[in-house]
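# Commentary on secondary and tertiary structure
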Amino acid sequence: MPLPTALSRASVALAAALLAATALPTPADAAPAPSPGVGAADRTGAARWSVQPSSAKGPTGRNYFIYDLAPGSTLTDHVGITNLGDRPLTFDVYGTDAYTSADGAFALLPADQPATDVGSWIRFERRAWTVPPGKRVDIPFRLAVPADATPGDHTGGVIGSVARARTTADGQRVLVDQRLAARVHLRVDGPVRPAVTVESVDVSYANPVDPFAGGDLVVRYRVRNTGNVRVTGSGAVTVAGPFGWEQARTSPTDLPELLPGGTVTVTERITGVPPLLRLTAEVDLAAATTDTALPPVLRSAGVWAPPWVPLALLAVAGGWGGLRWWRRRAPGEATRATVDAGRATA
């Protein structure tokens, strides 16, 4: 059966499964030396290689490509690709853009999505490079920053990928694009505007049968990097009842590094919160850049937490008291009615 010319959904899913199974470094990770888990690839038949920053004379010990450049400037650098297998491999080598995934992870654009930022500023002499087994090739590339590039952080990666034929469980032959990359962190000179915001806070409460045991309060909040540089930080949640009476406080939760425009949703579950009619959850976000800490960001939201069991007991007690009052009052009302009727007859 002929191989497809482009990756299908099945091939992409299979590629992810193979990378997870072989314990190869993820596309976002590019260790200077091969990962200890690379040897597992031998048992699955997957290719083995490494991608790392290098120079014309070999690796320089850098983990990432890190640059500070002015708009309109250019430079030449090298990426080293080492074939750790026992057969020649042909690599597709190119630059791409990075983004923050839905779970807050560092991710690179899919192979079929063209770069529009720093990945498009990286140019290689050619895209296909063949590396003999056990050898490394130090491939030069040119990084040209546009004259109108916006100030701040631009993040991407230099990818070395191998397309290999695989057979799916249903017998379909597909091309699997296995990728490794070295990150690129470029800061373009100009005004730096670090900023972060808590876009939304959602609170839900599971009212307990036993009010003394307390219920579960779930707080979900979404953080967005609205500045032009990378940010990290931590967030904590404080739960208070009426009149600001504090009921619980979470330990700070570390946030992943957010690229400009990136978002992450954090979920906190707090147990044993008593139903105090109205509960308020306040998110306290402490963010920082690689250079400095940012002012804290606060945002709160509330949820109704009526103590149903005590309210029901009060309702029953009130109903019982009203019934007894009516019964005591009823004979007197009947006697008064008889007297009034006699007077009317007289």
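Every chain is numbered independently, its residues counted from 1 as its sequence is written. In keeping with the model being predicted, local features are shown solely for residues with a pLDDT of at least 70 and side-chain atom pairs are shown and tallied solely at 80 or more, while totals for entire chains, interfaces and linings include all residues. Side-chain measures were taken over the full set of non-hydrogen atoms in the model, leaving aside hydrogen atoms and water.

Summing up its helical and strand segments, the protein has three helices and 18 strands in all. Partly exposed residues are those whose accessible area sits between 20% and 50% of the maximum for their type, while under 20% is buried and over 50% is exposed, using a 1.4 Å probe and protein chains only. A burial count over the protein gives 41% of its 346 residues as buried. In the protein, of all internal contacts separated by at least 6 residues, the share reaching a separation of at least 24 is 71%. Approximately 18,200 Å² of the protein is accessible, and the part contributed by carbon and sulfur atoms is 57%. Segments assigned H or I by DSSP are reported as helices when at least four residues long, segments assigned E as strands when at least two residues long, and all are numbered from the N terminus. The contact definition used throughout considers only heavy atoms, calling two residues in contact when any of these lie within 4.5 Å. Each accessible area is a Shrake-Rupley result for a 1.4 Å probe, and residues are judged covered by the shown protein chains and nothing else.

What follows covers the nonpolar core. For the purposes of this section, nonpolar cores are sets of buried Ala, Val, Leu, Ile, Met, Phe, Trp, Tyr and Cys residues that join through side-chain atoms within 4.5 Å. Among the nonpolar cores identified, the biggest contains 30 residues, and Tyr67, Val79 and Val93 are the most heavily contacted of them. The leading source of residues in this core is strand E10 (residues 173-188), at five residues. With residues near it in sequence (within four places) discarded, Tyr67 still touches Arg62, Leu75, Asp77, Phe141, Leu143, Val184, His185, Leu186 and Arg187. Counting residues in each nonpolar core, the second largest holds 29 residues, with Val237, Leu255, Val266 and Ala305 among its members.

What counts as a ring pair is set by centres within 6.5 Å for rings of Phe, Tyr and Trp (its six-membered ring), and what kind of pair is set by the plane angle: stacked under 30 degrees, edge-to-face over 60, tilted for all other angles. Taken as a whole, this structure holds four aromatic pairs when the rule is applied. Ring geometry for Phe124 and Phe141: centres 5.4 Å apart, planes at 50 degrees, overall tilted. Remark: Phe141 occurs in strand E8 (residues 136-144) and Phe124 occurs in strand E6 (residues 122-124); sequence separation between them is 17 residues. Judged by relative accessible area, which is 2%, Phe141 ranks as buried. Among the aromatic side chains, those forming a connected cluster through ring pairs are Phe65, Tyr67, Phe124 and Phe141. Sitting above the plane of the Tyr94 ring, Arg127 keeps its charged end 4.0 Å from the centroid. Note that Arg278 overlies the ring of Trp304, its terminal NZ or CZ placed 4.7 Å from the centroid. By definition here, charges over rings are those cases where NZ of Lys or CZ of Arg is within 6 Å of the ring centre and within 35 degrees of the ring normal.

At least two DSSP bridges between two strands are needed for those strands to be called paired. Overall, antiparallel pairing links the four strands, which are arranged E1-E3-E8-E6 in an open sheet. A single partner strand is all that each edge strand has here, and the edge strands are strand E1 (49-54) and E6. Sheet twist, expressed as the average angle between the axes of neighbouring strands with direction ignored, equals 30 degrees. As defined by bridge partners, E6 adjoins E8 across three bridges and the pair is classed as antiparallel. Bridge pairing in E8 places Ile122 opposite Leu143. Every angle, taken between N-to-C directions, lies between 0 and 180 degrees, and every axis is a line fitted to C-alpha atoms, over only the stretch in contact when it is a helix.

What follows deals with the pairing of strand E2 (residues 65-69). The alternating pattern of E2 places Phe65, Tyr67 and Leu69 on a buried face and Ile66 and Asp68 on a face that is not buried. Sheet analysis places E2 next to E10, joined by five bridges and oriented parallel. Its bridge partner lying in E10, Phe65 is registered against Val184.

A word on the environment of Val198. Here Val198 shows up in strand E11 (residues 196-206). The class for Val198 is buried, based on a relative accessible area of 3%. A sequence separation of 67 residues divides Val198 from Thr265, and the C-alpha atoms of the two residues are 9.7 Å apart. Ignoring any residue separated from it by four or fewer positions in sequence, one finds Val198 in contact with Tyr221, Arg222, Val283, Leu285, Val297 and Arg299.

Before going further, it helps to spend a moment on the pattern of salt bridges. Only one rule defines a salt bridge in this text: a Lys or Arg side-chain nitrogen within 4 Å of an Asp or Glu carboxyl oxygen. Per the counting criterion, the structure on display carries 13 salt bridges. With a closest N to O distance of 2.7 Å, Asp92 and Arg127 form a salt bridge. Note that Asp92 is positioned in strand E4 (residues 89-100) and Arg127 in the loop between E6 and strand E7 (128-131), a separation of 35 residues in sequence. By sharing partners, the salt bridges in this structure join Asp153, Arg187, Arg230, Glu257 and Asp291 into a single network.

Looking at the secondary structure, you find His78 in strand E3 (residues 74-83). Judged by its relative accessible area of 15%, His78 is buried.

A word on the side chain of Thr82. Residue position: Thr82 is located in strand E3. Since its relative accessible area comes to 14%, Thr82 is described here as buried. For Thr82, the contacting residues outside a window of four places in its chain are Arg48, Trp49, Ser50, Gln52, Lys135 and Arg136.

Turning our eyes to something else, we now look at the environment of Gly302. Here Gly302 shows up in strand E18 (residues 297-305). Among the residues examined, Gly302 registers a relative accessible area of 34% and is labelled partly exposed. Gly302 sits 23 residues away from Leu279 along the chain, and the two C-alpha atoms are 5.5 Å apart. When neighbours within four sequence positions are excluded, Gly302 is seen to be in contact with Arg278, Leu279 and Thr280.

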